[in-house]
Every structure is written in C-alpha cells, then in structure tokens.
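Residue strings, one per chain:
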Amino acid sequence: MWTSIALVSVLAWTPGQADKLALTHARSTYGVLGATRPDNKLLPGDTFVLSYDIEGVKPDATGKVLYSVAMEVTDSDGKAIFKQAPKDLEAYNALGGNSLPGYASARVGLDQQAGKYTVKVTVTDRATKSSSSVSGTYEILAKGFGIVNLRTTSDPEGNAAAPFPAEGQSLWINFAAVGFGRDKDQPNLSVVMRVLDENGKPTVEKPFTGEVNKDVPKNAQSVPMQFMLDLNRAGKFTVELKATDKSSGKTATLSFPLTVLKMK
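In this text, all values refer to a predicted model and were calculated from it rather than measured experimentally. (Residues numbered from 1 in each chain as written. Predicted model: local features only at pLDDT ≥ 70, side-chain atom pairs only at ≥ 80, totals over all residues. Heavy atoms only, no water.)

Quick look at the sheet that holds strand β13 (residues 208-212) now. With respect to topology, four strands assemble into an open sheet ordered β13-β12-β15-β16, the strand pairing being antiparallel. Each edge of the sheet is formed by a strand with only one pairing partner; in this case those strands are β13 and β16 (250-260). On average, adjacent strands in this sheet sit at an angle of 15° to one another, irrespective of strand direction. Bridge count for strand β15 (residues 235-245) against β16 is eleven bridges, and the pairing is antiparallel. Bridging from a neighbouring strand, Thr 238 pairs with Pro 257 of β16. (Pairing = 2+ DSSP bridges. Helix = DSSP H or I, 4+ residues; strand = E, 2+ residues; numbered from the N terminus. Axes fitted to C-alpha atoms, helices over the stretch in contact; angles between N-to-C directions.)

This is how it looks when you write it as structure tokens:
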C-alpha cells in the first residue's frame with residue numbers, strides 16, 4: 001500500500017535567478033530536510049524522500065506563491081501504481097527571492113514487491129501556469145532485517161525536522177527496525193549508536209545502547225526506536241547505528257553525517 005506527502009516549506013530559500021520554473025538540486029534524503037542518502041536501495045517499510053529546489057516562482061506583492069504539486073509512482077515497466085492529483089498549495093516568500101525548497105515522499109509498504117520504481121513530481125506555478133518536473137529512481141529490496149525510516153527531529157515526537165542543528169540544542173534520532181524474528185512472541189532487539197568526530201574517533205568511550213524485547217504487539221512488523229543527542233559543541237560528526245536481531249543473529253548498520261553549527 002502506498003501513502004504519500006508532497007509539501008513545500010513556507011520560508012524562502014536562497015534567492016534564485018531563473019526566469020522560468022525549474023526543479024533543481026534533486027536528491028534522496030533521510031527524511032524531510034535530512035542528510036543525503038548515499039544510495040537509493042530501500043527495504044520494505046522504509047520511505048523514499050525526494051528533495052529538490054523550486055526555482056523561478058512568481059510571488060505577488062505580499063510574497064505569496066500559489067502553486068500545485070502532483071506525484072506519480074511507476075514500476076520498472078512504466079506502469080503507474082500510484083497517482084496523486086495536483087494539490088493546490090501556497091507559501092509566503094517572507095524573506096524575498098523567487099525559489100522554495102520542496103520535497104515529496106513515498107512510503108514503501110511492508111509487503112511491497114521488490115524492484116525498481118520511479119517517483120515523478122510535477123510542480124505548477126498557478127500564477128504563470130508554468131510547470132516543471134523532476135524524477136527520482138529507487139530500488140526496493142527483498143524483505144530482510146534492517147534499519148528504516150531514519151529522520152532527525154528537534155522534538156521527541158518526531159514531527160519537527162531539524163535541518164540545521166546547532167550547539168546547545170537537543171537532537172532526536174528516529175528510526176525503526178523491520179524484518180526481525182521473535183522469541184516467545186516478542187522481538188529481541190539491541191541497538192548501538194556511536195558518534196564519531198571529524199577524525200573518526202568516538203566522542204565518548206561507551207556508545208549509546210538500547211533494547212526492545214517486550215510489550216510489542218504480536219502483529220507488529222516494524223519497531224520504532226529513538227536516541228537523543230545533546231549537542232554541546234559545534235563540528236562535523238558521523239552517527240553510526242547498529243541493530244542486532246538476537247533471535248536470528250542478524251545485524252544491520254546505517255550511518256549518516258551530522259554537522260552541528262556554531263552559535264555566534
């Protein structure tokens with residue numbers, strides 16, 4: 001089953017110079033406004049996020065931008081398996097400029113068939129009727145144990161994306177495990193998080209750890225997990241996650257870059 005979101009931030013991005021609408025800087029990210037993914041291979045239960053910049057929008061005198069976003073997902077044969085009709089949206093370029101950041105996401109069902117898929121997003125400036133499209137291709141792997149739906153947020157509920165974490169803030173690392181076995185109707189999972197500095201050295205002697213082995217519903221196929229990081233200093237870091245399914249002995253790893261900004 002497919003679900004989708006196609007939204008655009010209400011704040012202006014770096015002012016662009018394009019004379020007509022164009023979708024640029026397309027990339028796959030870990031969640032909305034998250035780090036760029038190194039590849040587009042996803043396990044069932046993960047989410048594909050296509051991020052891009054919308055250049056050449058025409059705001060009115062108040063900075064309002066009227067536009068629409070449509071999305072289509074096709075399989076490797078070009079067959080459409082999901083369509084989102086154009087959805088009317090609006091944003092305010094309160095900081096001026098004629099561009100916006102945009103993103104679209106497609107959640108992969110736990111029973112989604114393995115194979116290659118393409119997400120196509122079409123944005124239309126409702127004021128000028130100009131349209132532009134961008135596509136991103138990803139591959140759904142066969143079912144297996146792994147870490148999915150990674151996203152960093154500024155709140156423990158996992159709702160507020162944190163694209164520019166800075167020293168003095170707290171950052172929540174949200175993710176989930178899928179494809180695990182069970183011991184006596186319960187998963188037996190352990191997870192370790194290490195943070196490495198710019199030289200690849202662990203920032204603390206002992207890593208952060210957690211376990212999930214009780215109170216999981218019998219029909220649950222995905223187990224959400226979370227770590228919190230207090231950002232006490234600026235710098236460039238790498239966050240490494242390692243999950244172990246103790247019932248099967250399988251392990252899964254995932255890492256992503258983290259830049260903590262200096263407060264001036």
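On we go from here.
Turning to the side chain of Ser 190, a few remarks are in order. Position of Ser 190 among the secondary structure elements: in strand β12 (residues 189-196). Take Ser 190: its relative accessible area is 15%, and that puts it in the buried class. Leave out the neighbours within four places in its chain, and Ser 190 touches Gly 210, Glu 211, Lys 242, Ala 243, Thr 244 and Lys 246. (Buried < 20%, exposed > 50% of the residue type's maximum accessible area, 1.4 Å probe, protein only. Contact = heavy atoms within 4.5 Å.)

Tracing the backbone shows Leu 196 in strand β12. Taking C-alpha positions, Leu 196 is 9.6 Å from Leu 258, a pair spaced 62 residues apart along the chain. Contact partners of Leu 196, with chain neighbours within four places excluded, come to Lys 201, Pro 202, Thr 203, Lys 236, Phe 237, Thr 238 and Glu 240.

As summarised here, the arrangement of the three strands in space is β10-β11-β14, forming an open sheet in which the pairing is antiparallel. In this open sheet, the two edge strands, each paired with only one partner strand, are β10 (146-153) and β14 (222-230). Taken pair by pair, the neighbouring strands of this sheet meet at an average axis angle of 20°, ignoring direction.

Moving on, we come to the environment of Lys 83. Tracing the backbone through its elements, the reader meets Lys 83 in strand β6 (residues 80-92). For the pair Lys 83 and Leu 141, spaced 58 residues apart in the sequence, the C-alpha separation amounts to 22 Å. When near neighbours in sequence (up to four residues on either side) are disregarded, Lys 83 contacts Met 71 and Glu 72.

Here we come to the pairing of β15. Bridge count for β12 against β15 is eight bridges, and the pairing is antiparallel. Bridge pairing links Met 193 to Leu 241 in β15. Taken together, β15 and the strand that follows it, β16, pair antiparallel across an intervening segment of four residues, in which Gly 249 is found at a positive phi of about 80°.

Let's shift gears to the pairing of β6. Across ten bridges, strand β5 (residues 64-75) lies against β6 in antiparallel orientation. Each bridged residue has a counterpart across the sheet, and for Val 73 the counterpart in β6 is Phe 82. From the end of β5 to the start of β6, which pair antiparallel, there are four residues, and Gly 78 there has a positive phi angle of about 85°.

By the definition in use, this model includes nine salt bridges. Of the charged contacts, one joins Asp 53 and Arg 27 as a salt bridge, the two residues approaching to 3.9 Å between their closest N and O atoms. Taken together, the residues Asp 53 in strand β4 (residues 47-55) and Arg 27 in strand β2 (residues 22-28) connect sequence positions 26 residues apart. For the salt bridge of Glu 167 with Lys 262, the shortest nitrogen-to-oxygen distance reads 3.7 Å. Residue Glu 167 is located in the loop between β10 and β11 (170-178), and its partner Lys 262 is located in the segment after β16; the two are separated by 95 residues in the primary sequence. (Salt bridge = Lys/Arg side-chain N within 4 Å of Asp/Glu carboxyl O.)

What follows covers the packing of aromatic side chains. Taken as a whole, this structure holds three aromatic pairs when the rule is applied. Centroid distance Phe 48 to Tyr 138: 4.3 Å. Interplanar angle 20°. Geometry classified as stacked. Highlighted residues: Phe 48 in strand β4 and Tyr 138 in strand β9 (residues 131-140), separated in sequence by 90 residues. With centroids separated by 6.0 Å and ring planes inclined at 25°, the aromatic side chains of Tyr 117 and Tyr 138 adopt a geometry described as stacked. (Phe/Tyr/Trp six-rings, centres within 6.5 Å; stacked < 30°, edge-to-face > 60°.)

Further remarks concern the nonpolar core. Grouped together as the largest cluster of nonpolar side chains are 31 residues, with contacts concentrated most on Ile 173 and Phe 175. Of all the secondary-structure elements, those providing two or more residues to this core are β10, β11, β12, β14, β15 and β16. With five residues, the single largest contributor to this core is β16. If you look at the next biggest cluster of nonpolar residues, it comprises 27 residues, including Leu 21, Phe 48, Val 119 and Val 123. (Core = buried A, V, L, I, M, F, W, Y, C linked by side-chain atoms within 4.5 Å.)

As for its placement among the helices and strands, Ser 51 is situated in strand β4. Side chain to side chain, Ser 51 and Thr 29 meet in a polar contact 3.0 Å long. (Polar contact = N/O pair within 3.5 Å; in protein donor to acceptor, adjacent residues only side chain to side chain.)

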